[in-house]
Amino acid sequence: MLQKCAPAALACALVMASAPAGAESLNFNLRATVPVSCFVRHTAAGAGPSAGAAVALGQINEFCNAPGGYEVVVSYAPGTLRGAVLSVGNEQVVLNGSGQAVLSRAQGPRIRERALTALPGAGGFDTDRIDFRIQPL
């Protein structure tokens, strides 16, 4: 990165050095575009029994630089996990068996790590797979 900026800094210094003595100010605009980048990762470390009937499922790590925020979506096998409650940090969602649900939303860019727990529904944990994805808003 330093090597890319050095030619621009040198050019700027040359322009400033060659400015006429009566010049009062010199302006230039610099604009950088950063692509939107989002990812979510589930780490099962620390998974196991939690307080009450809830089960600790580990951690969710989120990163998203989208200016408008993002949402974390959980996907699971349709027809399963009906009535189960997933909690990430202080947010929770009751799964209805549809196969996906919005687990949380953020209003702007964020980096965070939160605990993931689940309270089984009447059918218990009747699936072996839960996937998470993050999508910018």
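Before going into details, it helps to say that this report is about the structure given with it. All of these numbers come straight from a predicted model, not from anything done at the bench. (Residues numbered from 1 in each chain as written. Predicted model: local features only at pLDDT ≥ 70, side-chain atom pairs only at ≥ 80, totals over all residues. Heavy atoms only, no water.)

Per the counting criterion, the structure on display carries five salt bridges. Here Arg114 makes a salt bridge to Glu62, at a shortest N to O gap of 2.6 Å. Note that Arg114 is positioned in strand 8 (residues 110–119) and Glu62 in strand 3 (residues 55–64), a separation of 52 residues in sequence. Both residues of the pair, Arg114 and Glu62, count as buried. Notably, a salt bridge pairs Glu71 with Arg105, separated by 3.1 Å at the nearest N-O pair. One end of the pair, Glu71, is in strand 4 (residues 70–76); the other, Arg105, is in strand 7 (residues 100–106), and 34 residues separate them in sequence. According to the relative accessible area criterion, Arg105 is partly exposed, its value standing at 48%. Salt bridges sharing partners connect three or more residues here, namely Glu62, Glu91, Arg112 and Arg114. (Salt bridge = Lys/Arg side-chain N within 4 Å of Asp/Glu carboxyl O. Helix = DSSP H or I, 4+ residues; strand = E, 2+ residues; numbered from the N terminus. Buried < 20%, exposed > 50% of the residue type's maximum accessible area, 1.4 Å probe, protein only.)

It is worth stressing that arrangement in space is one thing and function is another; only the former is reported here.
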